[in-house]
Amino acid sequence: MRTAPFLFYQGTQRRLWRFHGGIHVPDEKALSNQRPVEAAPLPRELVLPLQQHIGGMARPCVQVGDRVLAGQRIAEPSGYISAPIHASSSGTVVAIEVRPVPHPSGLAAPCIVIETDGEDAWVERLPPLIDYRHSDPAVVLERIRACGIVGLGGASFPTGVKLNPGPDQPITTLIINAVECEPYITCDDLLMRTRADTVIEGVRIIQHLLGAEQCLIGVEDNKPEAIAALRQALADSDLAATEVVPIPTLYPSGGERQLIKILTGEEVPSGGIPAQIGVVCQNVSTTAAVAEAVLAGRPLVSRLITVTGRAVGEPRNLEVRLGTPAHTLIEHCGGYAEEPAKLLCGGPMMGFALESDRVPMTKAANCLLALAPAEVSDPAPPLACIRCGRCAEVCPANLLPQQMYWHARAKDLDKVQDYNLFDCIECGCCAHVCPSHIPLVQYYRFAKTASWTRDKEKHEAERARARYAARQARHERQEAERKAKLRQKAEAVADKPGDAGQGADKQAAIAAARERAAAKKARAAASGDGSAQRREPDGGPNADASQSAAPRVAETLAQD
Amino acid sequence: MPGTVISSPHSARPNRVDRIMLQVLVALLPGIGAMVWYFGWGVLINVLLAILVAVTAEAAVVKLRARAALPVIRDLSAVVTAVLFAVAIPPTLPWWLTVIGVLFAIVIVKQLYGGLGYNPFNPAMAGYVFLLISYPVAMTSWLPPQVIAEHPLTFIDSLRMIFLGAPPPGLAWDAVTMATPLDAMRTALEENQAIDAIRQSPLWGDYGGRGWEWVGIWFLVGGLFLLARRVITWQIPVSVLAGLAAIAAAYWLLDPQTHPSPLFHLLSGGTLLCAFFIATDPVTAPTTRRGQLVFGATIGVLVYVIRSWGGYPDAIAFAVLLMNIAAPSIEQLTQPRVFGHQRISR
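Rules behind the numbers
- Residues numbered from 1 in each chain as written.
- Chains lettered and ligands numbered in written order.
- Predicted model: local features only at pLDDT ≥ 70, side-chain atom pairs only at ≥ 80, totals over all residues.
- Helix = DSSP H or I, 4+ residues; strand = E, 2+ residues; numbered from the N terminus.
- Rg over C-alpha atoms; globule rule 2.2 N^0.38 Å.
- Buried ≥ 20, exposed ≤ 12 C-beta atoms within 10 Å, placed from the backbone.
- Contact = placed C-beta atoms within 7 Å.
- Domains from an automatic or database assignment.
- Nonpolar A, V, L, I, M, F, W, Y, C, P; charged D, E, K, R; others polar.
- Pairing = 2+ DSSP bridges.
- Axes fitted to C-alpha atoms, helices over the stretch in contact; angles between N-to-C directions.
- Parallel < 35°, antiparallel > 145°, perpendicular 65-115°, else oblique.
- Left-handed = near helix turned anticlockwise from the far one by under 90°.
- pLDDT = per-residue confidence, 0-100.
- Core = buried A, V, L, I, M, F, W, Y, C linked by C-beta atoms within 7 Å.
- Right-handed = clockwise from strand over helix to strand, strands pointing away.
- Expected span 1.5 Å × (residues − 1).
- Bend = angle between axes of the 7 residues up to and from the residue.

As a further point, take the overall build of chain B. Within chain B one finds 17 helices and zero strands. Compactness check: chain B gives a C-alpha radius of gyration of 21 Å against a globular reference of 20 Å for 346 residues, within 12% of the reference. Based on the C-alpha atoms only, the size of chain B along its principal axes is roughly 75 × 50 × 30 Å. Relative to its full complement of 346 residues, chain B shows a buried share of 51%. Of all intrachain contacts in chain B linking residues separated by at least 6 positions in sequence, the fraction that spans at least 24 positions is 75%.

Below, the structure is given as structure tokens:
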């Protein structure tokens with residue numbers, strides 16, 4: 001599905017493609033990328049949510065009171081699409097309970113709480129798989145899974161699953177997403193500047209696992225130091241068929257589908273995944289985490305987090321142990337410079353607001369953003385849509401946001417789906433440019449959720465209807481059978497009028513049949529309430545007995 | 001900690017409705033200035049009167065609808081409607097007609113449909129057509145450009161004509177008013193005069209009517225400002241002008257003595273005002289890019305058709321209103337290909 005190339009970009013020799021729309025937003029990266037990375041202090045208490053990834057919630061494998069070491073597995077994955085959780089420092093498990101977590105819903109979720117002992121003692125690490133190129137890929141994948149690696153770009157999909165697309169989907173291109181197009185966030189930038197060689201090692205491992213012919217590392221051109229560092233590390237390595245590709249700064253170039261389009265000109269089919277067109281996309285931080293898991297046996301217990309915004313004293317990047325409460329990071333970065341208008345987890349375009357800074361940082365958290373009042377959207381109520389079409393102009397999916405808004409507002413879910421609601425990536429471009437300040441993305445999220453709920457209800461209603469129809473059919477069939485037999489019996493009786501000699505036999509046969517029926521009834525009663533209460537479609541054991549009696553009577557009569 | 005949790009994006013919004021409307025008003029200034037220069041103070045009086053009535057009417061209706069009036073007034077959309085209406089009507093139209101037209105535009109066409117963003121028809125043009133059909137004589141009595149007028153009107157004369165309905169002392173109505181160049185051209189052509197002969201009159205400038213062509217060019221300047229400020233996009237203006245020019249050129253090439261040149265059509269009447277300020281009203285136009293091209297080009301063709309063979313001298317308002325009706329269907333049929341889809345889903 002190639003479309004006309006638009007872009008011949010000066011920054012690279014490579015031909016690039018352009019996706020529709022996108023916006024230029026002030027990137028605000030200089031706020032936080034000027035200071036060196038620091039390790040966040042060890043908090044007194046670590047709170048590790050069991051759900052830090054897409055898929056099944058991890059199951060705790062420690063108990064309250066257990067002493068745990070850093071890197072020790074404290075929760076097991078529950079299924080293929082799931083990930084384990086590791087203790088991020090040593091200490092004692094003091095609680096396994098529901099705590100507030102950073103989630104758009106603002107709801108609380110089950111967490112393992114560790115009171116740290118300050119020693120930060122490590123469990124014995126898994127052996128390095130230095131010679132991974134000669135190991136079974138399954139072993140390497142299992143290592144990645146065992147180390148709890150998930151996508152660190154925000155979606156947190158288990159990496160082991162993503163790197164195992166299966167034999168029927170050959171992968172030709174590995175794309176490393178180092179775009180970091182969200183304003184304010186610089187953790188990937190700093191990671192590339194300081195650990196470029198780890199990134200390149202990660203690329204090598206992933207490329208080996210996928211058997212990809214080429215690897216493209218896409219970086220927005222507002223990160224020249226990162227580009228230089230990666231190129232240097234690449235030159236120092238013997239990695240072939242890998243290229244660092246600077247791309248023009250345009251939000252949301254870091255969207256997986258958008259980046260694939262920019263670098264390859266291909267569009268991932270609607271509703272499909274990149275592997276269908278031979279591409280796998282990995283975030284650059286995830287790539288580095290893979291390298292550490294494979295080459296150093298290090299589980300995912302910490303990550304780089306950007307603490308920034310004009311309401312923060314000294315914005316910077318921190319190496320944060322997972323489970324560290326947000327407020328300790330703010331305190332480490334000079335506290336609040338002013339009362340923040342909003343505290344976000346993630347960037348301003350796609351992040352979500354936190355109700356409190358007393359929530360732990362998770363694998364998915366790449367940024368803690370405290371925005372000053374001047375940096376946030378005007379809280380005034382939105383005006384009416386004037387159909388100016390700016391939203392459609394900037395939509396990277398080439399949707400018609402104003403139409404979707406119109407129908408979502410009317411709760412016309414069919415109509416809004418006709419306008420391809422489910423191709424919306426919720427990047428926020430439409431709402432950003434809207435002159436009426438309508439929270440468009442919120443409407444689309446509502447419409448999506450309502451559609452899912454409705455589909456589920458519809459599905460269930462469909463099943464109930466089918467069950468009911470089957471029950472009706474069965475009843476009708478049984479009724480018809482019963483009538484047929486009665487008719488047979490009546491005919492048999494009519495055929496032999498006044499045959500007194502055999503009347504006694506007949507009476508005896510009927511009596512015998514009744515006896516058998518009574519016995520069966522008694523047996524049924526004796527076998528307990530269970531069978532009687534089982535909702536037999538034909539009305540329980542009594543019906544059984546009378547029905548079984550009737551054929552016998554007929555048989556007896558027929559023998560005469 | 002802040003209690004308002006609202007979904008992303010959280011970024012400060014760069015655009016605002018009132019700023020868009022304000023830029024439209026600024027862009028209208030050169031054209032209004034030219035109109036005042038050529039047609040006297042009546043234009044300005046009409047603009048101010050229309051604004052006053054529009055804002056008052058909008059506030060009153062919004063109050064009746066039990067909503068806060070100030071945010072609605074502040075979006076400036078009523079002012080834009082008023083100004084567009086005022087530059088479309090004759091400069092000496094009696095005040096009560098202006099009031100009726102504006103009230104119709106704001107109360108019936110805009111607010112009864114739900115206010116800004118919900119009106120299917122362009123309010124200014126609907127108000128104009130309402131008056132044109134109801135009061136055709138008053139609505140077609142224009143002034144000659146003051147540079148060639150035998151009796152140029154003073155500010156007091158304009159006030160008297162508008163508010164008292166009285167011509168300047170010692171003069172009859174006919175002595176001060178005149179048909180528009182489009183009207184004159186049409187009447188002359190119906191009398192089977194050749195265009196070369198028609199254009200002998202001092203009413204004509206280089207391409208269109210004298211004065212009118214400059215008014216058009218100053219509206220064009222304002223329109224280019226809107227394009228540069230990205231308040232409007234090129235699709236509608238270019239397609240309106242191209243549609244009109246194409247059909248006019250075809251007939252003109254066929255017989256230049258009975259069909260005015262494309263430039264005459266582009267520089268006469270409200271063509272440029274329409275292309276940049278009226279057809280581009282986002283509420284009543286399609287939002288898809290291809291739809292805008294269809295919409296604009298059809299307006300251009302309709303303008304020519306109605307001007308040449310219709311019952312009224314100018315055709316902007318009719319063409320725009322007709323295409324307002326078609327806008328939703330055009331939009332439906334011109335949806336872009338969504339990312340990751342093979343072709344248009346419908």
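What follows picks up the thread again.
This paragraph deals with the overall build of chain A. The helix and strand tally for chain A stands at 16 helices and 17 strands. For 560 residues, the compact-globule estimate of 2.2 N^0.38 gives 24 Å, and the C-alpha radius of gyration of chain A, at 33 Å, exceeds that figure by more than 25%. Its C-alpha atoms put chain A at 115 × 60 × 50 Å along the principal axes. Going through the 560 residues of chain A one by one, you find that 47% of them count as buried. The long-range share in chain A, meaning contacts at least 24 apart out of those at least 6 apart in sequence, stands at 72%.

Here the focus is the domain arrangement of chain B. Residues and elements named next belong to chain B. Considered domain by domain, chain B is made up of domain 1 (16-177) and domain 2 (181-330). Each of domain 1 and domain 2 has a C-alpha centre, and the two are 21 Å apart. A per-class count over the side of domain 1 that touches domain 2 returns 23 nonpolar, seven polar and no charged.

All names here are of chain A. Two elements, strand E3 (residues 59-60) and strand E5 (residues 73-76), share two bridges in a ladder whose sense is antiparallel. Its bridge partner being in E5, Pro 60 is matched across the sheet by Ala 75. Across two bridges, the pairing between E5 and strand E6 (residues 85-86) is antiparallel. Counted as the bridge partner of Ala 75 is Ile 85 from E6.

Moving on: the packing of helix H4 (residues 77-88) of chain B against helix H5 (residues 95-110) of chain B. All names here are of chain B. For the pair H4 and H5, the least separation of the axes is 10 Å and the interaxial angle reads 135 degrees. As far as their axial angle goes, H5 and H4 are oblique. When you trace H4 past H5, the crossing you get is right-handed. Residues Ala 78, Thr 81, Ala 82 and Phe 85 of H4 form the contact with H5, whose participating residues are Gly 101, Val 102, Ala 105, Ile 106 and Lys 110. Tallied by class, the residues present in the contact of H4 with H5 amount to six nonpolar, two polar and one charged.

All names here are of chain B. Considering every residue of chain B, the mean pLDDT works out to 89; 97% of them sit at 70 or more. pLDDT under 50 marks residues 1-5. Its contacts with residues more than four places away, or in other chains, come to 10 contacts. Complex prediction metrics read pTM 0.83 and ipTM 0.87.

So, on to the nonpolar core. Counting 247 residues, the largest nonpolar core has Leu230(A), Ile305(A), Val83(B), Phe85(B) and Val320(B) as the members making the most contacts within it. Here this core gets 11 residues from one element, more than from any other, and that element is helix H1 (residues 17-39) of chain B. Excluding residues that lie within four positions of it along the chain, Val83(B) makes contacts with Leu25(B), Leu28(B), Val47(B), Ala50(B) and Ile51(B).

Before going further, it helps to spend a moment on unusual backbone geometry. With omega at -5 degrees, the peptide bond leading from Tyr251(A) into Pro252(A) counts as cis. In this fold, Pro252(A) is placed in the loop between strand E11 (242-247) and helix H6 (256-264). Looking along the chain, the bond that leaves Ser8(B) and enters Pro9(B) is cis, with omega of -5 degrees. Looking at where Pro9(B) falls in the secondary structure, it is placed in the segment before H1. Located in the positive-phi region is Asp120(A), a residue other than glycine, with phi close to 55 degrees. On the secondary structure map, Asp120(A) appears in the loop between strand E8 (108-116) and helix H1 (137-146). Taking the C-beta count within 10 Å as the criterion, Asp120(A) has 14 such neighbours and is therefore assigned partly exposed. Phi at Lys411(A) is positive, roughly 55 degrees, even though this residue is not glycine. The topology assignment puts Lys411(A) in the loop between helix H10 (401-409) and helix H11 (413-418).

Below, the discussion takes up the pairing of E11(A). Note on strand geometry: in a regular strand, side chains alternate between the two faces of the sheet. Residue and element names in this part refer to chain A. In the sheet, strand E10 (residues 214-220) pairs with E11 via six bridges, with the strands oriented parallel. Across the sheet, Val 219 pairs through a bridge with Pro 246, a residue of E11. Since E10 and E11 lie parallel, the crossover through helix H5 (residues 224-236) that links them has a hand, and here it is right-handed.

All names here are of chain A. Spatially, the six strands line up as an open sheet ordered E1-E14-E13-E17-E15-E16, and their pairing is mixed. The open sheet has two free edges, formed respectively by strand E1 (38-39) and strand E16 (352-353), since each of these has just one partner strand. The sheet contacts of helix H3 (residues 187-194) involve strand E13 (302-308), strand E14 (316-321) and strand E17 (367-371), and relative to E13 the element is tilted by about 125 degrees.

This part is about the sheet that holds E11(A). Residues and elements named next belong to chain A. Spatial ordering of the open sheet is given by E11-E10-E9-E12, a layout of four strands whose pairing is parallel. Edge positions in the sheet fall to E11 and strand E12 (279-283), since each has one partner strand and no second. With strand direction ignored, the average angle separating the axes of adjacent strands in the sheet is 25 degrees. In this fold helix H4 (residues 196-210) packs onto strand E9 (173-178), E10, E11 and E12, with an angle of close to 150 degrees to the strand it touches most, E9.

A few words now on helix H17 (residues 316-333) of chain B. Structurally, the α-helix is built with 3.6 residues per turn, so residues lying three or four positions apart point the same way. Residues and elements named next belong to chain B. Between its first and last C-alpha atoms H17 spans 24 Å; for 18 residues at 1.5 Å apiece the expected length is 26 Å, and the two agree. For H17, the principal kink sits at Ala 326 and spans about 45 degrees; a proline, Pro 328, occurs within the next four residues. What H17 keeps buried is the set Ile 316, Ala 317, Phe 318, Ala 319, Val 320, Leu 321, Met 323, Asn 324, Ala 327, Ile 330 and Glu 331. Where H17 is buried, its residues contact helix H6 (123-134), helix H15 (271-278) and helix H16 (289-309).

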